[in-house]
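Overview (structure and organization)
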Amino acid sequence: MNNKECKVAFQTLGCKVNSYETEAMQNKFENAGYTIVKFNEKADVYIINTCSVTNMADRKSRQVIHRAKKLNKNAIVVAVGCYAQAAKDELEKEEYIDIILGNNNKTQIVEIVEEYIREREKIVKVLDISKEKNYEDMELLHVLEHTRAYIKVQDGCNQFCSYCIIPYTRGRVRSRGVNETVEEIKNLVLRGYKEFVLTGIHLSSYGVDLGNIDLLGLILKIHEIEGVERIRLGSLEPRIITKEFANTLSKLEKICPHFHLSLQSGCDATLKRMNRRYSCDEYYEKCEILRDAFDNPAITTDIIVGFPGETDEEFEQTKAFVEKVNFFETHIFKYSRRKGTVADKLKEQVKDDDKNTRSEILLDLNLRNSKAYMQEAIGKPVKVLIEEPVTIEGKEYYVGHTKTYLKVAVELTEAINVNDIVELVPKAFLNEGILLA
């Protein structure tokens, strides 16, 4: 079988970093002449980029790996990524998995698959990630989205939050070189991409291992690239927000004033058990710094409900804090035990019924906060990056996002094209999550 006849399918689980890495691996197969097909089609090679952030993510990774073999019993099944890294010994025993690759092995994916095709012997390549000091440089030549490109600039984490397995599956902080990042973005600009989202496992740590640059310095370099029209930041730790950081960003016209500051709990006692290294007062101060520097920035966050030991009173503190900060969006997660973490061993695990109740309360609060923030945009001109045509209730629209990540729809017209940045004035809600211009 030649490469063109060999069909390769990908499935990504987990975070935006995984999505970036999957696209980079797909680019490599395309460049080598392979045919890429959808995962639910019959393929010769199935590559599953796994996630291991929770026990549920482990289970889903196993399910997808099983499904691949059912789609084609003769296919080569490849498990890569965090679950492959964490569960190497377990996966080695499984006959239906042909190749197991941990993190920091993905750049050789094509060569490894071709080695298996020649030898037909199980391949296991999982490094001791805790000892890895070099960033595995992967490059995107094109991305699946038509308008927005996620750019991975950092890997690993040194924080060791008590609920998190990621430092063990991704290793310590490793940063991508400035020149490599800039060149990748320049190449994507030539292909028409206008918005770039900087992402990493712990983005705020970018540069700590390089010594001569930090995240702000990298942003300044990217801002100089001609053709880049928007720079959006992935999830940030609150401690990176200083007056200097915020004020410098506010002077950069390409920066999107959309900041995802990871919170996890609005209760100091819970934050301490989580090994989060800030207090609620410190977090609130960071939000105020952003609001002083930008005109009504979109601030979003994550909350974990039902963390071990979280009492009703502690949850009420979190609810009150979410109300006080008044986030644009709050992503709610019910705590899921993860073997190998400190939190898994904590006593006073919270009942599922309590987690469900608390999640519903915060989800309802999130809907109210999001609607209020979106309401403020009605009647005001905003610039929207047009991303795709959609049909809603039988009517055709173009939809896109503002710099603050408000989703806006406009009726289909020949005057507007995908990847245009156009000025629109939202006049009403089209539905719960979309404004109509």
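Here is a short report on the structure shown in this document.

**Regarding the overall build of the chain**
Within the chain one finds 13 helices and 19 strands. When burial is assessed residue by residue, the chain has 54% of its 437 residues classed as buried. Considering only contacts in the chain between residues 6 or more positions apart, those separated by 24 or more positions represent 73%. Carbon and sulfur atoms make up 46% of the accessible area of the chain, which totals about 20,100 Å². Across the chain, 63 positive and 69 negative side-chain charges occur, with their mean positions spaced 3 Å apart.

**Re the sheet that holds strand E11 (residues 258-260)**
To summarise the sheet geometry, strands pair through backbone hydrogen bonds and adopt either a parallel or an antiparallel arrangement. The strand order E11-E12-E13 describes an open sheet built from three strands, whose pairing is parallel. Sheet topology places E11 and strand E13 (329-334) at the edges, where each strand pairs with a single neighbour. Averaged over all adjacent pairs, the angle separating strand axes in this sheet is 15°, with direction ignored.

**Points about the packing of helix H7 (residues 178-190) against helix H8 (residues 215-223)**
Relative orientation of the contacting elements H7 and H8 amounts to 35°, with a least axis distance of 10 Å. In this structure, H7 crosses over H8, and the sense of that crossing is right-handed. Across the interface between the two elements, Val178, Thr181, Val182 and Ile185 from H7 touch Leu218, Lys221 and Ile222 from H8. Among the residues forming the contact of H7 with H8, the class breakdown is five nonpolar, one polar and one charged.

**Some thoughts on the pairing of strand E10 (residues 230-233)**
The alternating pattern of E10 places Arg230 and Arg232 on one face and Ile231 and Leu233 on the opposite face, and all of these are buried. Bridging between strand E9 (residues 195-200) and E10 involves four bridges; their strand directions are parallel. Residue Leu198 lies in a different strand from E10, and its bridge partner there is Leu233. The handedness of the E9 to E10 crossover, carried by H8, is right-handed.

**A closer look at a negative patch on the surface**
A contiguous patch of negative charge on the surface is contributed by Asp268, Asp281, Glu282 and Glu285. By residue number, the principal contributor to the negative patch is helix H11 (residues 280-293), which donates three residues. Mapping Asp268 onto the fold places it in helix H10 (residues 268-274).

Conventions adopted
Residues numbered from 1 in each chain as written. Predicted model: local features only at pLDDT ≥ 70, side-chain atom pairs only at ≥ 80, totals over all residues. Heavy atoms only, no water. Helix = DSSP H or I, 4+ residues; strand = E, 2+ residues; numbered from the N terminus. Buried < 20%, exposed > 50% of the residue type's maximum accessible area, 1.4 Å probe, protein only. Contact = heavy atoms within 4.5 Å. Areas by Shrake-Rupley, 256 points an atom, 1.4 Å probe, with all protein chains shown as cover. Lys, Arg positive; Asp, Glu negative; His and termini not counted. Charge placed at Lys NZ, Arg CZ, Asp CG, Glu CD. Pairing = 2+ DSSP bridges. Axes fitted to C-alpha atoms, helices over the stretch in contact; angles between N-to-C directions. Left-handed = near helix turned anticlockwise from the far one by under 90°. Nonpolar A, V, L, I, M, F, W, Y, C, P; charged D, E, K, R; others polar. Right-handed = clockwise from strand over helix to strand, strands pointing away. Patch = residues over 30% accessible without salt bridge, like charges linked within 9 Å, V, L, I, M, F, W, Y side chains within 5 Å. Salt bridge = Lys/Arg side-chain N within 4 Å of Asp/Glu carboxyl O.

As far as function goes, none of this settles anything; it's purely spatial.
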